[in-house]
Each structure stands twice: as C-alpha cells, then as structure tokens.
Amino acid sequence: MMTKYRNMNRRKVLGMGAAAACLTALPRQAWADEPAMAAAIKDMFGDKAVLDGRISLTMPVLSESGYFVPVDVEVDSPMTPDDYVRRVALFSERNPIALMALYNFTPYSGRARVEGKVRLGGSQTVHAIAEMSDGSLYGTSFKVHVTLAACVVN
Amino acid sequence: MADIRLSIPKSVESGAVIELKAMIRHDMESGYRRDIQGQAIPRNILEYFECRLGDTVIFSADLFPGVSANPLIKFYHRAQESGTLTFTWREQTGQTFYKTAELVVL
C-alpha cells in the first residue's frame, strides 16, 4: 500500500515537472530572435557572421527594477593601435528601441571594458556584439529576469 | 547646470590602465511615459557622451532611451601623458554639459 502510494506520488511529481518545463519553454520560444532586434543588428553590422567568444556580458540574473539594470561588458583585446575593439553595442529583445547603447573604444582605452545601467521592458535575453578593428564581430548574450519592467506603455 | 560627478585617480604611473567614472544627473526621459493627466511626456535624452584627453577622444558612447536615468558610465584609459580630461554629454536639444579633470601621469 505504502509502495503504491509512493509510486503514484513520484509519477505525479514527474508529470508536474514536465508541465512546468513546457510552460517555461513556450514564452522563451516566443521571444527568441525578436525581428525588431534582428533588424537593428543588421542595420548596424550588416549580414556579417557574429562569432562566439572574446566577449563577456555580466548582469544580475534577477533584477527587481527594470529601470536600473547594471551591465558589465568586457572584450578580450590587447587594445593596441593595430588590434583594438572599435565598438560594442547592447541590444534588447523587448524594448521598443532594440539598441540600448553603443560604446566606441579607441587604442587609448587600454582595456575594452565598460559598465553602465540600462532599462529593460521585462525579462529577456540581452545581447552584446563587439566589432574589432579588423571588422570581425563577436557576440554573447545574457538571460535576465526583471520583476518590475521599465515603463514602455505607449 | 547639470550636476556632474567624476571619479579619476589623483596620479598614475605611466602605462597603467586606469578606471574612469562619470555620472551626470539627467532624467533621460524616454518618451514612453505619461504624466498624471495621461499626456505623453516628450522624449528628452542625452544622446552622446565623450571623454577627451586634450584633443584626443579616448572613449565615446551613443546613448538611447534604453539607458537609465542619471547615467553612470565606467570605462578605462591607458595613461601615457598628463593632460586635461574633458567629459562631455550632448542632449538631444543640442545643449552640452561638460566637466574637466586633470590627469597627472608620473
């Protein structure tokens, strides 16, 4: 009797887990590859391939307020006149304007790192793309949860 | 006049990479908010930031409504010569705000 009850419980728990996985998977798919963001990225960098690596984006996993979300972007580069990071752009999937900030570096920067704060209109994946002095692109993303979205009512 | 705060090291060794922090008090009004009567509040943001050492631009940024109010920006500079650092922000109205600081390289 006890064994049977335990089995039932286990089955139920597994079922709930599967249901929860479906629920969380749905909105993620709905946001993925937001066309407005894709268009903004194409506008800035064209159709060039965005490579992985060399760039890191650090943000808090959970933010209580979407009005002030800290961002910290760093690109691995020697920052010499021959090889430096030209610019780094931050894109949002859910803000009315996908491009949030564009940072322009020079060889005088010494280190391709910048920190700031952005507004986010809800939980989403934030994307950072760096353009090197030779024109190559490196990108990364960071998934953030935002409790209170920055006001984007029209 | 805008309230600008800067944080730069007092003096640095030549070749050292230093951290520069700049903050300006500004609403960065996004244009997506409404006032208490339901009227849209027009957009008024800072759209450009620049840091120069003498006449040389060492770092700049294009800002959009996605940047928080009272924007703080932290970036780096490889110190090679002493000079005057000028931090300038340009509002979309064309008005500019700036503050200078002396960089002393030993």
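Residues numbered from 1 in each chain as written. Chains lettered and ligands numbered in written order. Predicted model: local features only at pLDDT ≥ 70, side-chain atom pairs only at ≥ 80, totals over all residues. Heavy atoms only, no water.

Participant: How would you explain the packing of aromatic side chains if you had to name every residue and give the values?
Facilitator: Within this structure, the stated rule accounts for eight aromatic pairs over all chains. Summarising the aromatic geometry, the rings of Tyr103(A) and Phe59(B) are spaced 6.2 Å apart at their centres and angled 25° between planes, so their arrangement reads as stacked. Here Tyr103(A), found in strand β6 (residues 99-105), pairs with Phe59(B), found in strand β5 (residues 56-63), and the two come from separate chains. Linked through ring pairs, Tyr103(A), Phe105(A), Phe49(B), Phe59(B), Phe75(B), Phe87(B) and Trp89(B) together constitute an aromatic cluster. One cation-aromatic arrangement involves Arg54(A) over Tyr138(A); the distance from NZ or CZ to the ring centre is 5.1 Å. Cation over ring: Arg111(A) sits above Tyr76(B), and NZ or CZ is 4.7 Å from the ring centre. (Phe/Tyr/Trp six-rings, centres within 6.5 Å; stacked < 30°, edge-to-face > 60°. Helix = DSSP H or I, 4+ residues; strand = E, 2+ residues; numbered from the N terminus. Lys NZ or Arg CZ within 6 Å of the ring centre and 35° of its normal.)

Participant: Before we move on, could you go through the side chain of Ser133(A) and cite the residues and values that matter?
Facilitator: Tracing the backbone through its elements, the reader meets Ser133(A) in the loop between β8 (124-132) and β9 (137-148). Here Ser133(A) is in contact with Asp82(A), Asp83(A), Tyr84(A) and Arg86(A), once residues within four sequence places are set aside. (Contact = heavy atoms within 4.5 Å.)

Participant: So what's going on with unusual backbone geometry? Which residues, and what values?
Facilitator: The phi dihedral of Arg54(A) falls on the positive side, at around 65°, and the residue is not glycine. If you trace the backbone, Arg54(A) turns up in the loop between β1 (50-51) and β2 (55-58). If you check the backbone angles, Met28(B) has positive phi at about 50° while not being a glycine. Its place among the elements puts Met28(B) in the loop between β3 (17-24) and β4 (46-53).

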